[in-house]
Every structure is written in C-alpha cells, then in structure tokens.
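Residue-level listing of the chains:
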Amino acid sequence: MGYRVDYGPRNPGRKGKSSFSRVLVLTAVCLLVFLLLVNSFWPRGAEVLRFYLLPGDAAVTVAALEELSAELQNGEDISSALESFCRKIIQNAHINPD
C-alpha cells in the first residue's frame, strides 16, 4: 500500500506583495537614517535639505500639514489630499535659496 503527499507552496500569492512592502519599509528606514545623519553631522547639508523638503514659510507648511491631516481624517482620497498639500507648499515656496 503506497501513498504520496503533495505539499503546495508555503505562502501562495504573497511573494510579490511581501517583497514590495519589505522594499518600501527598507527604503523608508534608509531615508530616515540618511536624514538623521545629515542633520547630526552636516549642518550646511541639513539647511539645503530643509530648504528643498520644506520650502517657504514654516507657518504655511504647518498649516498645510494640519489641513492634510484633517482632510485624511474626514475620508478624503489620499491622492487629492496630497495634491492639495503640495500645491499650497509650492505656492508659498521661495524660488531662490537664501
């Protein structure tokens, strides 16, 4: 009397999604470490990054972030909320660095 056991793949259908999320998390961690190192050891580089990542008046950026948060909490689509946020930041950005 003989028998045969066939096992399927361990995680069928999860390979692509799992690897994509892992790459996304790894990229975010590397970016965070880079920003922390630049902020700690390279003051001029931190100023340049701050200029390009948060251009314009800091009060405008804070207000835009608060509005983005409120829109997301109210169920607004993330793409339209981010578009609105970016438009407000760009409208109030300085064109030439100080």
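Look a little higher up for the structure.
Okay, so let's go over this structure. What you see is a predicted model; the values in this text were computed from it and never measured.

Here we take up a nonpolar patch on the surface. A cluster of nonpolar residues, V25, V29, V33, L37, F41 and W42, forms a patch on the protein surface that exposes about 640 Å² of accessible area. With respect to the element layout, V25 can be found in helix α1 (residues 15-41). On the accessibility criterion, V25 (53% relative accessible area) is exposed.

Before going further, it helps to examine the environment of Q91. Take Q91: it is sitting in helix α4 (residues 78-91). Along the sequence, Q91 and V60 sit 31 residues apart, while their C-alpha atoms lie 9.9 Å from each other.

Turning our eyes to something else, we now look at the pattern of salt bridges. Inspection of every chain in the model, using the stated rule, returns four salt bridges. With a closest N to O distance of 3.4 Å, R44 and E47 form a salt bridge. Placement of both R44 and E47 in helix α2 (residues 43-53) is noted, with a separation of three residues, approximately one turn of the helix. Given a relative accessible area of 51%, R44 falls into the exposed group. In this structure, the salt-bridge partner of R87 is E83, at a minimum N-O distance of 2.9 Å. Taken together, the positions of R87 and E83, both in helix α4 and four residues apart, correspond to about one turn of that helix. E83 gets classed as partly exposed once you look at its relative accessible area, which sits at 42%.

Here is what the cut-offs are and how they apply
Residues numbered from 1 in each chain as written. Predicted model: local features only at pLDDT ≥ 70, side-chain atom pairs only at ≥ 80, totals over all residues. Heavy atoms only, no water. Patch = residues over 30% accessible without salt bridge, like charges linked within 9 Å, V, L, I, M, F, W, Y side chains within 5 Å. Areas by Shrake-Rupley, 256 points an atom, 1.4 Å probe, with all protein chains shown as cover. Salt bridge = Lys/Arg side-chain N within 4 Å of Asp/Glu carboxyl O. Helix = DSSP H or I, 4+ residues; strand = E, 2+ residues; numbered from the N terminus. Buried < 20%, exposed > 50% of the residue type's maximum accessible area, 1.4 Å probe, protein only.

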